[in-house]
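# Structure assessment
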2 protein chains.
Amino acid sequence: MSQPTRSGPPFEITIGSVTRPLRLVPVGQMGFVPLIEFLGDSELTRAAAQALLPLIPEGSEALLTVVTNALPLAHELSDLSGLPYEVARKKRRTYMQAPLIQEVPGLTLGVSETLWLDGPHAARLSGKKVVIVQDVIASGTTAAALARLVERSGGTVHGYLAAFKQGNSALPVRYLQELPGRV
Amino acid sequence: MSQPTRSGPPFEITIGSVTRPLRLVPVGQMGFVPLIEFLGDSELTRAAAQALLPLIPEGSEALLTVVTNALPLAHELSDLSGLPYEVARKKRRTYMQAPLIQEVPGLTLGVSETLWLDGPHAARLSGKKVVIVQDVIASGTTAAALARLVERSGGTVHGYLAAFKQGNSALPVRYLQELPGRV
């Protein structure tokens, strides 16, 4: 399959001692966005988790993330911090018990997405100060839906953490680096 | 939503120093299967990865897994072993370049599943001795499809690793524990 090409210098990121060239993927006819790949890159994931560790707000008691790209990052951050983490899914699983269901409104195409948080997992967030963890926060609609899941679980949102920020979300996100939306 | 109940002692597993009660989920009217949850449990994931580490065959050069449940486990095993890992997806992603597409025949319902391995990721398996990593190997059809992806990438299958074995797959799987298919 032929892909549009882009001229100019390669785009790369450095986190701690780890540097990665980023693949640029075409968005329609309008430009390219840099692709962050934590899946399949345990070294970059670990470097990001280590850099995010001091950004976890004091008093945090649990983390909440969503499949799939942020999953190894949230796991690693849980491992390093000792804080438990929970994972919202994007499809209903047959084993779920009384899951919380949360819509994420679609900004660009009007296609909304649905998040599912299994009942026993939601129960573990009850009464807890919870930090939302994502790989990239762009518009913030997914982060806002995760925040609603925290509240509906009986927890309180204690902050937003992302490896990268892309765009102008109004949420008070703590992040490592800003990524251009289009290059 | 009411769930069928099961009498008898709770079902639990122990890996290293980590013990977890397992939720038993109903399968039709016919019984229960124990549910292994690595997502949201970094302690259990780490214990499983540490126990699997010595089972990685000598000479292995890369790991291949599939989303979603085995993902944190494969990440952690990559982290501990220093071996790179790749991840097959169950849906096509828009950014994929010349992905390998592999069907997984459905045994029970006749519904087949499709695995997608992004072209640049497949290229990283070329010429490598690759170990398949899963959370649970049951029928072995997914493991066999992952093995085909390794071969089609130009790599060779160097072994099968799973935290748990469930049922009677003919594949030469190295695993930590056997799980009952139904309880």
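Our structure's up above, just so we're on the same page.
Residues numbered from 1 in each chain as written. Chains lettered and ligands numbered in written order. Predicted model: local features only at pLDDT ≥ 70, side-chain atom pairs only at ≥ 80, totals over all residues. Heavy atoms only, no water.

Chain A puts 33 residues into the contact, and the matching count from chain B is 33 residues. Summing both sides of the interface, chain A and chain B together bury roughly 2800 Å²; the carbon and sulfur share of this comes to 51%. Interface area lost by chain A to chain B is led by Arg 23, His 75 and Tyr 95 of chain A, which between them contribute 20%. Joining chain A to chain B, the criterion identifies 4 salt bridges. Across the salt bridge formed by Asp 79 of chain A and Arg 46 of chain B, the nearest N and O atoms sit 2.9 Å from each other. Contributing elements (two or more residues each) for the side of chain A that touches chain B: strand E3 (23-27), helix H1 (42-52), helix H2 (71-81), strand E6 (85-88) and helix H3 (119-123) of chain A. It is H2 of chain A that provides the largest number of residues to the side of chain A that touches chain B, a total of 6 residues. Of the residues belonging to the side of chain A that touches chain B, the class tally is 14 nonpolar, 10 polar and 9 charged. (Contact = heavy atoms within 4.5 Å. Buried area = accessible area lost by both parts, 1.4 Å probe. Salt bridge = Lys/Arg side-chain N within 4 Å of Asp/Glu carboxyl O. Helix = DSSP H or I, 4+ residues; strand = E, 2+ residues; numbered from the N terminus. Nonpolar A, V, L, I, M, F, W, Y, C, P; charged D, E, K, R; others polar.)

Attention now goes to the environment of Ile 13 of chain B. Residues and elements named next belong to chain B. Take Ile 13: it is sitting in strand E1 (residues 12-15). Sequence separation between Ile 13 and Leu 117 is 104 residues, and the spatial gap between their C-alpha atoms is 32 Å. If we ignore the near neighbours within four places in the chain, the residues touching Ile 13 are Val 18, Thr 19, Arg 20, Leu 22, Ile 36, Leu 44, Phe 164, Gln 177 and Leu 179.

Further remarks concern the sheet that holds strand E11 (residues 173-179) of chain A. Adjacent strands of a sheet pair through backbone hydrogen bonds, lying either parallel or antiparallel. Residue and element names in this part refer to chain A. Spatial strand order, E6-E5-E9-E10-E11: 5 strands in an open sheet with parallel pairing. The open sheet has two free edges, formed respectively by E6 and E11, since each of these has just one partner strand. Between one strand and the next, the sheet's axes are offset by a mean angle of 20 degrees, whatever the strand orientation. Both strand E5 (residues 62-66) and E6 contribute to a ladder of 4 bridges, which runs parallel. Within E6, the position partnered with Thr 65 by the bridge is Val 87. Lying on the sheet, H2 is in contact with E5, E6, strand E9 (129-137) and strand E10 (156-166); it crosses E6 at an angle near 165 degrees. (Pairing = 2+ DSSP bridges. Axes fitted to C-alpha atoms, helices over the stretch in contact; angles between N-to-C directions.)

Pairing between side chains becomes possible if they bear opposite charge and their charged atoms approach one another. Taken as a whole and assessed by the stated rule, the structure comprises 18 salt bridges over all chains. Across the salt bridge formed by Glu 37 of chain B and Arg 23 of chain B, the nearest N and O atoms sit 3.4 Å from each other. Of the two residues, Glu 37 of chain B sits in the loop between strand E4 (31-35) and helix H1 (42-52) while Arg 23 of chain B sits in strand E3 (residues 23-27), which places them 14 residues apart along the sequence. Residue class for Arg 23 of chain B comes out buried when judged on its relative accessible area of 15%. Overlapping salt bridges bring together Arg 20, Asp 41 and Glu 43 of chain A as one network. (Buried < 20%, exposed > 50% of the residue type's maximum accessible area, 1.4 Å probe, protein only.)

Two copies of one chain are present, and they are related through a rotation about an axis combined with an axial shift. Between the two copies, chain A and chain B, the superposition gives an RMSD of 0.0 Å; the rotation angle is 180 degrees and the shift along the axis is 0.0 Å. On this basis, the relationship between the two copies can be described by a two-fold rotation axis. Relative to the rotation axis, the closest C-alpha in chain A is found at Pro 72 of chain A, a distance of 2.6 Å. A symmetric contact is evident, with 100% of the interface residues of chain A recurring at the interface of chain B. (Least-squares fit on C-alpha atoms with pLDDT ≥ 70 in both.)

Residues and elements named next belong to chain B. Within strand E5 (residues 62-66), 5 of the 5 residues are buried, leaving the element largely enclosed by the surrounding structure. Covered by surrounding structure in E5 are Ala 62, Leu 64 and Val 66 together with Leu 63 and Thr 65, the residues of both alternating faces. Summarising the sheet, E5 and strand E9 (residues 129-137) pair through 3 bridges and their orientation is parallel. Bridge assignment links Leu 64 to a residue of E9, and that residue is Ile 132. As a crossover connection, the stretch from E5 through helix H2 (residues 71-81) into strand E6 (residues 85-88) is right-handed. (Right-handed = clockwise from strand over helix to strand, strands pointing away.)

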